[in-house]
Amino acid sequence: MTRTQAANAGAHPAPAVQKGDLEIRLLSAVKHDGLHYPAGAVVTWPRAAAEPLIAGGDAVVPGAGADTDLPDPDAPPGPPGPDAPAPPADPEPTERTEPAQRREALIRAMAALEPGHPDHWTRGGKPEVRALAQITGLRDIRAAERDAAWEAAQAAEGGRAETGPETGRDTT
């Protein structure tokens, strides 16, 4: 097997270790002496070749502190640590969102409208489409879609809802 074949197969010939060489774990793929090494490979290289990789954040010395904080790629996922990013929020509804999801987004938005606020309600006492669009981020809400969601919201509330531009009371 040639050196190129060995490199492509992931088996790298081990050069003779010399005094001052460093064992490092690569954090990114690296090309060295004409061979490609994958991220995660543990190699022993001359200090002159290893130190720039460590300084640049492309390698660590196993067991030297910084390496111990790295996740084990074979370990099962555990609970997130204190510095873990927050889980992604529910995706914003869009024009391509499923009808049931759009309806739920509209119903949640209707619950957030201020009773009696003239920009939130039509004169007929229904939620204003522009107010719903502003809350949900949906740009293509039709009156018929709003009406269907409004009926569902009222049915869920037992036919009563606090609405109305003038009074803030039920106008159903």
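Residues numbered from 1 in each chain as written. Predicted model: local features only at pLDDT ≥ 70, side-chain atom pairs only at ≥ 80, totals over all residues. Heavy atoms only, no water.

Draft legend 1. Here's a closer look at the packing of helix α3 (residues 99-112) against helix α5 (residues 143-156). One can describe the packing of α3 onto α5 by two numbers: an axis separation of 9 Å at closest approach and a directional angle of 65 degrees. Judged by the angle between their axes, α3 and α5 are roughly perpendicular. At the point where α3 passes α5, the crossing takes the right-handed sense. Facing α3, whose interface residues are R102, R103, L106, I107 and M110, α5 presents E145, R146, A148, A149, W150, A152 and A153. Here the residues of the contact of α3 with α5 sort into eight nonpolar, no polar and four charged. (Axes fitted to C-alpha atoms, helices over the stretch in contact; angles between N-to-C directions. Helix = DSSP H or I, 4+ residues; strand = E, 2+ residues; numbered from the N terminus. Parallel < 35°, antiparallel > 145°, perpendicular 65-115°, else oblique. Left-handed = near helix turned anticlockwise from the far one by under 90°. Contact = heavy atoms within 4.5 Å. Nonpolar A, V, L, I, M, F, W, Y, C, P; charged D, E, K, R; others polar.)

Draft legend 2. Layout of the pattern of salt bridges. Here the structure, examined in full by the defined rule, presents six salt bridges. Close ionic contact of E145 with R102 constitutes a salt bridge, the shortest N to O distance being 2.7 Å. Of this pair, E145 sits in helix α5 while R102 sits in helix α3; the two residues are 43 residues apart in sequence, bridging distant segments of the chain. Note on E145: relative accessible area 22%, which makes it partly exposed. The salt bridge involving D147 is made with R146; its shortest N-O contact spans 2.7 Å. Each member of the pair, D147 together with R146, is buried. (Salt bridge = Lys/Arg side-chain N within 4 Å of Asp/Glu carboxyl O. Buried < 20%, exposed > 50% of the residue type's maximum accessible area, 1.4 Å probe, protein only.)

Draft legend 3. Inspection of helix α4 (residues 129-136) at higher detail. Within α4, burial applies to V129, A131, L132 and T136. On an axial view of α4, the arc spanned by its buried residues comes to 160 degrees, and they lie on one face. In this structure, α4 carries R130 and Q134 as exposed residues pointing more than 90 degrees from its buried face. In the core, the buried residues of α4 are packed alongside α3 and α5. G137, located one to two residues past α4, shows a positive phi value of around 85 degrees. (Arc of directions from axis to C-beta.)

Draft legend 4. Molecular detail of the sheet that holds strand β4 (residues 42-45). The sheet built from three strands is open, its strands ordered β4-β1-β5 with antiparallel pairing. Of all strands in the sheet, those bounded by a partner on one side alone are β4 and β5 (59-60). The sheet contact formed by strand β1 (residues 22-26) and β5 spans two bridges and is antiparallel. Bridging from a neighbouring strand, L26 pairs with A59 of β5. (Pairing = 2+ DSSP bridges.)

Draft legend 5. Structural detail: the packing of α3 against α4. Their axes nearest at 9 Å, the elements α3 and α4 cross at an angle of 105 degrees. The angle between the axes of α3 and α4 places the two elements in the roughly perpendicular class. Residue-level inspection shows A105, L106, A109, M110 and A112 of α3 in contact with α4, the latter providing L132, I135 and T136.

Draft legend 6. Layout of the pairing of β1. Across the five residues of β1, four count as buried, placing the element largely inside the fold. Looking at chain direction, β1 and β4 are connected through four bridges and run antiparallel. Pairing of I24 across the sheet is with V43, part of β4.

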